[in-house]
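For reference, the chains in residue letters:
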Amino acid sequence: MTKLKTTTGPVYSYSAHGPELKQQFDALIDELVETSLSADAFSNALSVGIDDLAAVLRSLPALEGRLIELGIAAVASCNPDLKVLTQNLRLPVSPTALQIVEMNDAKNFRALTFDSDMGGRKTYTPDFVILNLRTNTAHIVDAKRSVYTYDRVRLDDLQNRMKAAGLVLPDFLYKVHRRLNVKEVRVVILTADNRKTDLTSGIWHLSQLDHLVQVQGAGAAIASLQSEFRSHVEANWKQACEAFTQSCHLPIALPLQPEVELDDVETDGEDNQSFEDANVIDVTGNPPMIKLGFAQVPTRH
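Just so you know, these numbers come straight off a predicted model, no measurement behind them.

1. Quick look at the overall build of the chain
Looking only at helices and strands, one finds 9 helices and 10 strands in the chain. Classification of the 301 residues of the chain by burial places 43% in the buried group. Intrachain contacts of the chain at a sequence separation of at least 6 include 77% that bridge at least 24 residues.

2. Some thoughts on the packing of helix α3 (residues 50-76) against helix α8 (residues 218-248)
In contact at an axis separation of 10 Å, α3 and α8 are set at 155 degrees when each is read in the N-to-C sense. The pairing of α3 with α8 is recorded here as roughly antiparallel in orientation. The two elements α3 and α8 cross, and the hand of that crossing is right-handed. Contacts between α3 and α8 involve L53, L60, L63, E64, L67, I68, G71, I72 and V75 from the former and A218, A221, I222, L225, Q226, F229, R230, V233 and W237 from the latter. Here the residues of the contact of α3 with α8 are counted per class, giving 14 nonpolar, 2 polar and 2 charged.

3. What about the sheet that holds strand β8 (residues 184-191)?
Spatially, β3-β6-β7-β8-β9 is the arrangement adopted by the 5 strands of the open sheet, whose pairing is mixed. Each edge of the open sheet is held by one strand with a lone partner, namely β3 (82-85) and β9 (203-205). Taken pair by pair, the neighbouring strands of this sheet meet at an average axis angle of 30 degrees, ignoring direction. With 3 bridges connecting them, β8 and β9 associate as parallel partners. Each residue of the ladder has a partner; that of T191, found in β9, is H205. The sheet strands contacting helix α5 (residues 152-166) are β7 (137-144), β8 and β9, and the helix crosses β8 at an angle near 150 degrees.

4. Side note on the packing of aromatic side chains
Scanning the entire structure with this criterion turns up 1 aromatic pair. Relative to W237, the ring of F42 has its centre 5.3 Å away and its plane inclined at 80 degrees; by these criteria the two rings are edge-to-face. Of this pair, F42 sits in helix α2 (residues 39-48) while W237 sits in helix α8; the two residues are 195 residues apart in sequence, bridging distant segments of the chain. In this structure, R154 packs its charged tip against the face of Y150, placed 3.9 Å from the ring centre.

5. With respect to the pattern of salt bridges
When their charged atoms lie close together, side chains carrying opposite charge are able to pair. Per the counting criterion, the structure on display carries 11 salt bridges. A salt bridge links R152 to D156; the shortest N-O distance between them is 3.0 Å. Taken together, the residues span about one helical turn, with R152 and D156 both in helix α5 at a distance of 4 residues. The class of R152 is partly exposed, set by a relative accessible area of 37%.

6. Thoughts on unusual backbone geometry
With a phi close to 60 degrees, R179 is a non-glycine residue in the positive phi region. Within the secondary structure, R179 is located in the loop between α6 (169-176) and β8. For Q214, which is not glycine, the phi torsion reads 60 degrees and is therefore positive. Along the chain, Q214 turns up in the loop between α7 (209-213) and β10 (215-216). Residue class for Q214 comes out partly exposed when judged on its relative accessible area of 25%.

7. As for the pairing of β7
The element β7 is largely enclosed, with a buried count of 8 among its 8 residues. Neither face of β7 is open: one carries T137, H139, V141 and A143, the other A138, I140, D142 and K144, and all of them are buried. Relative to β7, strand β6 (residues 128-132) runs antiparallel, the two being bridged by 5 bridges. The partner of L131 across the bridge, within β7, is A138. The hairpin formed by β6 and β7 contains 4 residues between the paired strands, and N136 there has a positive phi angle of roughly 60 degrees. Judged from the 8 bridges that link them, β7 and β8 form a sheet pairing that is parallel. By the bridge assignment, I140 is partnered in β8 with V187.

8. Focus: the side chain of D210
Position of D210 relative to the elements: it lies in helix α7. A relative accessible area of 16% places D210 in the buried class. Engagement of the side chain of D210 in a polar contact is seen with the backbone nitrogen of G217, the distance being 2.7 Å. Other than its neighbours up to four places away in sequence, D210 contacts Y12, V215, Q216, G217, A218 and G219.

9. A short note on the nonpolar core
The biggest cluster of nonpolar side chains holds 44 residues, and the ones touching the most others in it are F25, L37, F42, V75, L209, V213 and I222. Those elements giving two or more residues to this core turn out to be α1 (19-36), α2, α3, β6, β7, β8, α7 and α8. Those residues in contact with V213, other than ones at most four positions away along the chain, are V75, A76, N79, L82, I130 and A218. Counting 30 residues, the second-largest nonpolar core is a separate cluster that includes L98, A138, V147 and F172.

Parameters at a glance
- Residues numbered from 1 in each chain as written.
- Predicted model: local features only at pLDDT ≥ 70, side-chain atom pairs only at ≥ 80, totals over all residues.
- Heavy atoms only, no water.
- Helix = DSSP H or I, 4+ residues; strand = E, 2+ residues; numbered from the N terminus.
- Buried < 20%, exposed > 50% of the residue type's maximum accessible area, 1.4 Å probe, protein only.
- Contact = heavy atoms within 4.5 Å.
- Axes fitted to C-alpha atoms, helices over the stretch in contact; angles between N-to-C directions.
- Parallel < 35°, antiparallel > 145°, perpendicular 65-115°, else oblique.
- Left-handed = near helix turned anticlockwise from the far one by under 90°.
- Nonpolar A, V, L, I, M, F, W, Y, C, P; charged D, E, K, R; others polar.
- Pairing = 2+ DSSP bridges.
- Phe/Tyr/Trp six-rings, centres within 6.5 Å; stacked < 30°, edge-to-face > 60°.
- Lys NZ or Arg CZ within 6 Å of the ring centre and 35° of its normal.
- Salt bridge = Lys/Arg side-chain N within 4 Å of Asp/Glu carboxyl O.
- Polar contact = N/O pair within 3.5 Å; in protein donor to acceptor, adjacent residues only side chain to side chain.
- Core = buried A, V, L, I, M, F, W, Y, C linked by side-chain atoms within 4.5 Å.

In structure tokens:
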């Protein structure tokens, strides 16, 4: 944890540039990459066939999403006032709460809270709840790769569910999470795509993570984490491709009397599927990665 000495600009009391955070990031990358995206994992998948390779490549988005979640939690830990909750967050959404949210302006129900035991069948599970223990302000956070394809109806539905869940959050955290005290609840959607960020609607971009966690350089730290993750995955992919190419040039000993005639061999159409169809990685070795983010910093109240 590093205290900032400068006072110019919107500077926060804590920084994301400490060596401890860098060590945590390196450990996170090593853990996630070596489990499913190592050079050996790619090599084995290439040797077995396209089904195994597709399974490995499909894990990329989920693993990077998990990396960003863990990274945000690590960055937030630089601020001792914050508590980041990622587990046991299935919040009930009661019909009454949802109706109040849909039919009223937010200023008319800001002071309302609901009993978390009175929820109906519907629930909402956020990606994070970030609680400031000093101000007792909780942010309900939903992370998206992009909201550009979301129409206004879908966005309104998501935000209404988030706000309805927010009405039970104070009671829920008090009962389920060791009597955590919440005086104010805010909702925010995080998106990596800045084409549809909307300050008034609570859609933030990753570059504004500093404001959410009150840590200088937080957004840049997560961007660096993503870049390091991509570099590791790309290096492993290239290493596996080079090894596979070399193995394909080795002489192969054919049996003198093959048990199966070539004419009897059936080709599997699924094995002829191109990598482009998988929409995960291309032959240049550049895997597209997810990005998560925040919108612009809200005006200070």
